[in-house]
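Here is what each chain is made of, one letter per residue.
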Amino acid sequence: MELTPDELAGVVDVVGPVTREELVQACGELAFKRGEDVDSDAFEAAIDDALSTYHVIAVDSEAQRASKRSGETAERDHDADADGPLVVVGPAAFPEMVDGAPDLPHILDVPDRDPSTETVAAAAEDRFREDAAEAVRAGDDERIEELLDVSYDLEAWGPVELAEARGLLDEATHAN
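Since we're looking at a predicted model, the values are computed, not measured.

A full pass over the atoms with the stated rule returns 1 aromatic pair. Seen from the ring of Y54, R127 lies directly overhead, with NZ or CZ sitting 5.9 Å from the centre. Above the ring of Y152, the side-chain terminus of R166 is found at 4.2 Å from the ring centroid.

Given below as structure tokens:
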């Protein structure tokens, strides 16, 4: 079973913030309900694609972000049972309802999680800045153009300011 980035965002929209493993499990449940092959590798690849296009965002908690900066271990604020970042609907998504998705909250045992808007926006901004720097270093004009488009979506979606990063991306397109 193949899922588009918007379909994955739809799954996340229905279930709520999930770990990557929980999202793979949700995809497997959908495939099973449809009588299709459960291909975890294909689901992982679809998630990677959706992350790279900002249809979904991986969000560390405030405490995880602080511990990465300081090198210390800290508890997560969004869920003590979450292994790793949470996946949330991103700014480029137009979540699409997948057949069977409304049943997922009843099938999966996923706790309610509510990462703050600031945490989600900061994670998206950090990811964007890393992606922008990599695209400029690589001279990847196609990725730079994609990121320029995403920058406007990000600013409309959350409390981020990307004018400076957008200027660097724009400058890189004229240099190549």
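This structure, assessed with the given rule, holds 10 salt bridges. The residue R129 makes a salt bridge to E125 at a minimum N-O spacing of 2.8 Å. Of this pair, R129 and E125 both sit in helix α6 (residues 117-138), 4 residues apart, roughly one helical turn. Between E146 and R143 there is a salt bridge, with its nearest N and O atoms 3.2 Å apart.

Okay, the confidence of the model for the protein next. Predicted coordinates in regions of low pLDDT should not be interpreted in detail. With 86% of its residues at a pLDDT of at least 70, the protein reaches an overall mean of 87. Counting contacts from residues 72-81, a segment whose pLDDT is below 50, to residues more than four positions away or on other chains yields 24 contacts.

Moving on: helix α2 (residues 20-34). The terminal C-alpha atoms of α2, which comprises 15 residues, lie 21 Å apart, in line with the 21 Å expected from a rise of 1.5 Å per residue. For α2, every residue scored as buried is listed here: E22, L23, V24, A26, C27, G28, L30 and A31. At the C-terminal side of α2, G35 shows a positive phi close to 75 degrees.

Before going further, it helps to spend a moment on the packing of α6 against helix α7 (residues 141-157). Axes are the key here: two packed helices are described by the angle between their axes and the distance separating the axes. Two numbers describe how α6 lies on α7: the axes approach to 10 Å, and their chain directions differ by 165 degrees. Taken as axis vectors, α6 and α7 run roughly antiparallel relative to one another. The two elements α6 and α7 meet at a crossing, and its hand is left-handed. Of the residues in α7, those in contact with V120, A121, A124, F128, D131, A132, A135 and V136 of α6 are R143, I144, L147, V150, S151, L154 and W157. Across the contact of α6 with α7, the residue classes tally to 12 nonpolar, 1 polar and 2 charged.

Bridge count for strand β1 (residues 18-19) against strand β3 (residues 86-89) is 2 bridges, and the pairing is antiparallel. Across the sheet, V18 pairs through a bridge with V87, a residue of β3. In this sheet, β3 lies alongside strand β2 (residues 56-59) in antiparallel orientation, the contact comprising 4 bridges. When the bridges of β3 are listed, V59 appears paired with L86.

Calculation rules
- Residues numbered from 1 in each chain as written.
- Predicted model: local features only at pLDDT ≥ 70, side-chain atom pairs only at ≥ 80, totals over all residues.
- Heavy atoms only, no water.
- Phe/Tyr/Trp six-rings, centres within 6.5 Å; stacked < 30°, edge-to-face > 60°.
- Lys NZ or Arg CZ within 6 Å of the ring centre and 35° of its normal.
- Salt bridge = Lys/Arg side-chain N within 4 Å of Asp/Glu carboxyl O.
- Helix = DSSP H or I, 4+ residues; strand = E, 2+ residues; numbered from the N terminus.
- pLDDT = per-residue confidence, 0-100.
- Contact = heavy atoms within 4.5 Å.
- Expected span 1.5 Å × (residues − 1).
- Buried < 20%, exposed > 50% of the residue type's maximum accessible area, 1.4 Å probe, protein only.
- Axes fitted to C-alpha atoms, helices over the stretch in contact; angles between N-to-C directions.
- Parallel < 35°, antiparallel > 145°, perpendicular 65-115°, else oblique.
- Left-handed = near helix turned anticlockwise from the far one by under 90°.
- Nonpolar A, V, L, I, M, F, W, Y, C, P; charged D, E, K, R; others polar.
- Pairing = 2+ DSSP bridges.

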